[in-house]
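Fold and contact review
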Amino acid sequence: MVTRRNFIINTSLAATAVLALPSLAFSMNKKEIGLQLYTLREELPKNVKETLEKVAASGYTNVETYGFSIKDQFWGLTPVELKKILDDNKLKAVSGHYNLGSYLYDGNTAELIAAIEAAKILKNEFLTVPWIDEPFRKIEDYKKIALRLNQAAKMCKEAGLKLAYHNHDFEFQKHDGITGYEILLNETDKNLVYFELDLYWVVRSGNDPLKLFKENPGRFKLWHVKDMDKTNPALNTEIGSGSIDFKPFFKEAKQSGMVHFFVEQENNYAGDSFQSIKISSDFISKELI
């Protein structure tokens, strides 16, 4: 017979067990798996509708777009047309990569304004800057870009969006004892400018995501979860098949500030890209969340 006292004791023990396992506690509130659509860049231009149907069927609930341009929009579709296809497949575009080179380097706001309008139509939460071109990676460039990111973040906030910056490995190169990433972290408003941490590129550059979490708590609202081939670090592989152990990172998701993550795989697919995203989704749902 279960007495009230035993029930309370057992319930308390169960609660303590959950709290002792941060990854499990995290999984109880975080069941969404995202995909950076650049993974399917060979397929999307051929047939957006069929490609997104397969994304949803592979276990993904969120996506991150890429490739928007004022001229071609999204692979020939307007944001309104793309939003309908996403809705039909119960997919949410919670973030998008928008190339803002003309704004970051020259201050031309046309690209930024168009990106904000597209992001609003798609109901993005985050407008994410994906890249800095090679000629603009010196100390003075990073300082100017940090200033522009602050300004863009204010415009995004006024539009109901958040701004994020996505890294590769070049941001971690030292310039007179400081890295570009340190400049971006230190000289942007921590309440306005967030970061999408590409875990693969952090590891590839010889840095530790956990150290970044500890030193900059709450700033890494987005992640790219991309695994590293065991024999050739320059290549990707399906999540769970490579050399990166993601469990410690997911365990510290709260410290990171992460609210959304996206699988990304740029090469070295197992059979084809659709098979790869399914393998990654299955592993994440079983082992990480």
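Structural notes on the environment of Met-258
Within the secondary structure layout, Met-258 lies in the loop between α12 (253-256) and β12 (260-263). For the pair Met-258 and Leu-222, spaced 36 residues apart in sequence, the C-alpha to C-alpha distance is 5.4 Å.

Quick notes on the packing of helix α3 (residues 48-57) against helix α4 (residues 79-88)
How two helices pack is summed up by the angle between their axes together with the distance between the axes. Contact geometry of α3 with α4 gives a least axis separation of 9 Å together with a crossing angle of 35°. Helix-helix and strand crossings are classified by hand; for α3 and α4 the assignment is right-handed. Contacts between α3 and α4 pair Val-48, Lys-49 and Leu-52 from the former with Leu-82, Ile-85 and Leu-86 from the latter. Residue composition of the contact of α3 with α4, by class: five nonpolar, no polar and one charged.

Structural notes on the confidence of the model for the chain
Residues at a pLDDT of 70 or more form 90% of the chain, whose mean pLDDT is 92. In the model, residues 1-28 has pLDDT below 50 throughout and makes twelve contacts with residues more than four positions away in sequence or in other chains.

Thoughts on α4
Turning to α4, its buried residues number three or more, namely Pro-79, Leu-82, Lys-83, Ile-85 and Leu-86. An end-on view of α4 places all buried positions within 165° of arc, on one side of the element. Opposite the packed face of α4, turned more than 90 degrees from it, sit the exposed residues Val-80, Lys-84 and Asp-88. Along its buried surface, α4 packs onto α3, β2 (62-65), β3 (92-97) and α6 (110-122). Note on α4: the residue one or two positions beyond its end, Lys-90, has a positive phi of about 55°.

Quick word on the packing of aromatic side chains
Considering all chains together, one arrives at 19 aromatic pairs under this definition. Ring plane angle 45° and centroid distance 5.0 Å describe the contact between Phe-68 and Phe-74, whose orientation is recorded as tilted. Ring geometry for Phe-172 and Tyr-181: centres 4.8 Å apart, planes at 35°, overall tilted. Residue Phe-172 shares its accessibility class with Tyr-181, and that shared class is buried.

Quick notes on the rules
- Residues numbered from 1 in each chain as written.
- Predicted model: local features only at pLDDT ≥ 70, side-chain atom pairs only at ≥ 80, totals over all residues.
- Heavy atoms only, no water.
- Helix = DSSP H or I, 4+ residues; strand = E, 2+ residues; numbered from the N terminus.
- Axes fitted to C-alpha atoms, helices over the stretch in contact; angles between N-to-C directions.
- Left-handed = near helix turned anticlockwise from the far one by under 90°.
- Contact = heavy atoms within 4.5 Å.
- Nonpolar A, V, L, I, M, F, W, Y, C, P; charged D, E, K, R; others polar.
- pLDDT = per-residue confidence, 0-100.
- Buried < 20%, exposed > 50% of the residue type's maximum accessible area, 1.4 Å probe, protein only.
- Arc of directions from axis to C-beta.
- Phe/Tyr/Trp six-rings, centres within 6.5 Å; stacked < 30°, edge-to-face > 60°.

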